[in-house]
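Architecture and fold: a report
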Amino acid sequence: MAMPKSVITFLTDFGLTDTYVGEMKGVVMGIAPDTALVDLTHNVPPQAIAEGAFLLGAAYTAFPKGTIHVAVVDPSVGTERRALLLVSTEYCFVGPDNGLFSYVIRDGYRGARTQARKGLARVPPGWQAFHLNDPRYHRPSVSGTFHGRDIFAPAAAHLAAGVPPKEMGEPIEWLVYSQPLVAKREGDTVRGEVAHVDCFGNLVTCIPEGMLPPGTVQVEAGGAIIHGLSRTYQDGPRVLALIGSRGTLEVSIRDGNASKELGVGTGVIVTVKPDARQQRAI
Amino acid sequence: MAMPKSVITFLTDFGLTDTYVGEMKGVVMGIAPDTALVDLTHNVPPQAIAEGAFLLGAAYTAFPKGTIHVAVVDPSVGTERRALLLVSTEYCFVGPDNGLFSYVIRDGYRGARTQARKGLARVPPGWQAFHLNDPRYHRPSVSGTFHGRDIFAPAAAHLAAGVPPKEMGEPIEWLVYSQPLVAKREGDTVRGEVAHVDCFGNLVTCIPEGMLPPGTVQVEAGGAIIHGLSRTYQDGPRVLALIGSRGTLEVSIRDGNASKELGVGTGVIVTVKPDARQQRAI
Amino acid sequence: MAMPKSVITFLTDFGLTDTYVGEMKGVVMGIAPDTALVDLTHNVPPQAIAEGAFLLGAAYTAFPKGTIHVAVVDPSVGTERRALLLVSTEYCFVGPDNGLFSYVIRDGYRGARTQARKGLARVPPGWQAFHLNDPRYHRPSVSGTFHGRDIFAPAAAHLAAGVPPKEMGEPIEWLVYSQPLVAKREGDTVRGEVAHVDCFGNLVTCIPEGMLPPGTVQVEAGGAIIHGLSRTYQDGPRVLALIGSRGTLEVSIRDGNASKELGVGTGVIVTVKPDARQQRAI
C-alpha cells in the first residue's frame, strides 16, 4: 500500500540569508525524497525560544494529521540539552528539549492543568517522547554547532520514511517547560500581554476569546482605550480590537501599524473590562 | 488515469516573519497533498493592491497551464468584498475581489479594449468567475481576519483535488477592476511610469517595447537622459535603459542601484522620445 | 522503472521581494513537474559572485547524489559570458561561467593542486562541462536580462527530466575560476580571513580545522584574543572560537553578535597561533 505523503515543516531562527535551512532540507531529501517541505518561519528573533514556542503553537494545527514539525531555536546546541522527539496523538515534533514545545505540551492537556514542576512538564497523557540519542539516525558526523542539520533533520526524515519513533532513542517522561503566556482575571478585568507583533503591526495578545467579560468590553493597550470589538480590520473605530485568527484578542489600527503608532511591542500588558460607557448608560 | 500534478502559487503581503504563509500551505496539504507549492513573493508592501496586481501580472505566465495562483493582498478581509475564483483559459486565480487581478483581466482581452465601468470589468470572453461563498469548500470555522487560510487556501486545494469550479460558488459577471498602468503617446513622446523597483534598484516601467518610437530613442528618468537602448545590464552607458524581462522599458545603472542613485521610486514618470542628438545628426 | 525523484536547488542574489525566483520555479514546473525545489538562499549580496561561490561551496554537499544545483549571481547576464552546465561525479551545477563554481571546482581536485591559469581552471578529472548554447533547451524567447528564467531554469528542468548533459551544448574544457579563499601558514601562525558573517553574527573563516597548530591555540580577530577552542557556542569564554558546521574556524560571542560587537565583517584577517599563555606555562 502506498504510504500517504509526509509533510515536514520547519520553524527556526536561522533567517534566510545563510544556507542553513537549505542544508536541513538537503539532508531530508537524501533520506525521504517524497516528503513535502513547508516553512513555518525562519525569522524567529535569534535565540528567542519563548517567541518561537508561541509561533509554533499558533501554526501547527493548520497542518494535516501526521505532519512532522521540526523547530530549532537552540542557543545551547551541542551542550547537555537533549535532542527531542515528541509524539502527540496527531503530530510529531522534533527539536531541542529547551521549552520550545511548551505551547504544544500545554495543548496536550486539553485544558486540564499541566503536570509541571521546576521548569519541567510531564509528557501529556497518551503522548510519547524520546531522547534522540541513537547515532544510527544521525548524520554520520555530528557537529557541535548545527544539530538542525545533523540530528533534527535526519530524525524527521527517518520518521517520514517510516522508522517507528521508539526505535530512535530512549523514552523520556519529563520535558523542559516554560509556562506559556496566560491571561489573568482580576475581578471583572482580564489582563494579558502582547505575545507577538505581526508583520502588519497588529498586537496579538494571549487573551483567548473565551476569557472576555460578557457584554460590551473596553480594551486598553499602550494608553489607547477601545470601546467594543470589531469583527474585521475595517469596521469599527480606527484603533480597534478584535478576535484574530489565533482565537485571541488583537489590537489593530485600520490602514495603519498599531505597534508603531501606539509604541507597543511584545510583553506589554493589555487589559479588557466591561465598557465603562455602556455601564454608565445602563 | 493519473491526474497531472497540480501547482499552486502564493503571492501575498504577509511577509516571512509570521507563520501565515505556512498555515495556508498546511491547509492545502490537508486537502491536496500531492500539490507543488511555489512562492511568487510575500513581500508585497502591506495592503498595496496595485503593486501586488502588477507583480502577479508579471509572473503568472511563467507557470504551466493549469497552475492555480492564490493572491492575497486583502485590507478588507472579512467585509462585504467577495472571495473570488477566476478561471481563464489557462490558469485559475483565487483571492479577494478587490482589483488584485486587474492585470490578469486586462490580459484576458488580448489587446482588445477591456469592458469596464465604474471600477468594474466584465469577466473576459471565454473566462469564468465564481463567488466563493459555498461553505463546504471553506475551513470548518472561518475567521473574520484570515481568509487566506480559511477560504482561499482551501478553495485552491479543492480545485487542485479536482472539484469543478462551478461547484464552488455562484457565477459572477463583473469584477472589481483598477485600470493597470498604461503608457501614453503624446506626439512623438511616450510617457509611462515606474511600476516597480526591483531588488537591484532597476526601475521597471509600464512602457511596453511595442510602444517605443522607431529609431534611436532618448529616455528621461529622474533627471537623467539616456541615449539609445542597451541589450544587457553591462553594455552601453553607465546609466542605461533596456527592455527588461517583463517586456517593458527598464532604467538601470551598471554595477549600481538606479533607484537610489537617481532618487526615483514607484510612480515616477519616465518619458521616451526620438533621440535629439540623432535628429540633429540627420 | 520509476525515475528517482529529482531535486533542484536555487542560490541567487534575486532576493525575495521580486517574483524572479518564483518565475524560475514556474519554468521548471512546466518541464519537470515531479521535481522537488529547494532554496539555498536568495540573499547573496547583489552581484557578489565570491560570496555566492563560498555559500554554494558550503551547502551543496548536504544534498543527495544527483541533485541539480542552480546558482545565479550574474552581473554579466546577456553578454559573452557563457551559460554553464558542470557535471561532477555526484551533482550537476547550472549557472553563469563567471567563477561562481570556483569552490565546487576546487573540491573536484580532492585536495590536489587545481589546474588553473589566467583566471581559468581546467574541468576537474572525471567531470564534464558544457556550454548551454542549444536553443532547444532554452525558453522559446530568451531575454537579455534574465537567463535564470530563460536558460538556467529550463536547463536544470530538462536535466531533471532525463535529457543527457552532452545533448545540451558543446563541451568546455576551461572554466572561469577565482581562487577560493585559503588560509596561509607563516611559521607557527595561520592566517585566514572572514569568508561570511552568518545571521547570528558568527564570523565564519576560511581556516580549516586541519590547518590549526597542535595543542592549545590563541585566536585573534578584530582586536580580541581568544585562548583555546570551545566545542559549542555555550562553553568557554564569552568571546569564543570553535570549529563550525562548515569544518572551519568560527569566532562567536555567547548570546551576542560577534560581527557587531567586534566590528568585524567579511574580508577581515583572523590569525591562529599556539597559545602564548600555555607556552609561558610550559
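Scroll up to find the structure.
Residues numbered from 1 in each chain as written. Chains lettered and ligands numbered in written order. Predicted model: local features only at pLDDT ≥ 70, side-chain atom pairs only at ≥ 80, totals over all residues. Heavy atoms only, no water.

What follows concerns the pattern of salt bridges. Scanning the model with the defined rule gives 33 salt bridges over all chains in all. Arg-149 of chain A is the salt-bridge partner of Glu-23 of chain A, the closest N and O atoms lying 3.3 Å from each other. Separated by 126 residues along the polypeptide, Glu-23 of chain A in helix α1 (residues 20–31) and Arg-149 of chain A in helix α4 (residues 147–160) bring together distant segments of the chain. Like Arg-149 of chain A, Glu-23 of chain A is buried. Where Asp-150 of chain B meets Arg-149 of chain B, a salt bridge forms, and the shortest distance between an N and an O atom there is 2.7 Å. Since its relative accessible area comes to 0%, Asp-150 of chain B is described here as buried. With a relative accessible area of 8%, Arg-149 of chain B lands in the buried category. Several salt bridges converge on common partners, so that one network encompasses Glu-23, Arg-139, Arg-149 and Asp-150 of chain A together with Arg-246 of chain C. (Salt bridge = Lys/Arg side-chain N within 4 Å of Asp/Glu carboxyl O. Helix = DSSP H or I, 4+ residues; strand = E, 2+ residues; numbered from the N terminus. Buried < 20%, exposed > 50% of the residue type's maximum accessible area, 1.4 Å probe, protein only.)

Below, the discussion takes up the interface of chain A and chain C. A common way to report how large an interface is uses the accessible area buried once the components associate. The interface is formed by 32 residues belonging to chain A together with 32 residues belonging to chain C. When residues of chain A are sorted by the area they lose upon contact with chain C, Thr-19, Tyr-20 and Thr-145 of chain A head the list and together hold 22% of the total. Scanning the region where chain A abuts chain C turns up one salt bridge. One salt bridge in this structure joins Arg-246 of chain C and Glu-23 of chain A, with 2.9 Å as the shortest N-O distance. The interface formed by chain A and chain C holds 13 residue pairs in polar contact (both at pLDDT 80 or more) in total. Among the elements that line the side of chain A that touches chain C, the one with the most residues is α1 of chain A, at eight residues. Partitioning the side of chain A that touches chain C into residue classes produces 11 nonpolar, 13 polar and eight charged. (Contact = heavy atoms within 4.5 Å. Buried area = accessible area lost by both parts, 1.4 Å probe. Polar contact = N/O pair within 3.5 Å; in protein donor to acceptor, adjacent residues only side chain to side chain. Nonpolar A, V, L, I, M, F, W, Y, C, P; charged D, E, K, R; others polar.)

A few words on the sheet that holds strand β10 (residues 174–176) of chain B. Each strand in a sheet pairs with its neighbour through backbone hydrogen bonds, running either in the same direction (parallel) or in the opposite one (antiparallel). Residue and element names in this part refer to chain B. Pairing within the open sheet is antiparallel, and its three strands lie in the order β6-β7-β10. With one partner strand each, in any of the chains shown, β6 (116–117) and β10 form the two edges of the open sheet. Note: β6 against strand β7 (residues 120–122), two bridges, orientation antiparallel. Bridged to Ala-116 within β7 is Ala-121. (Pairing = 2+ DSSP bridges.)

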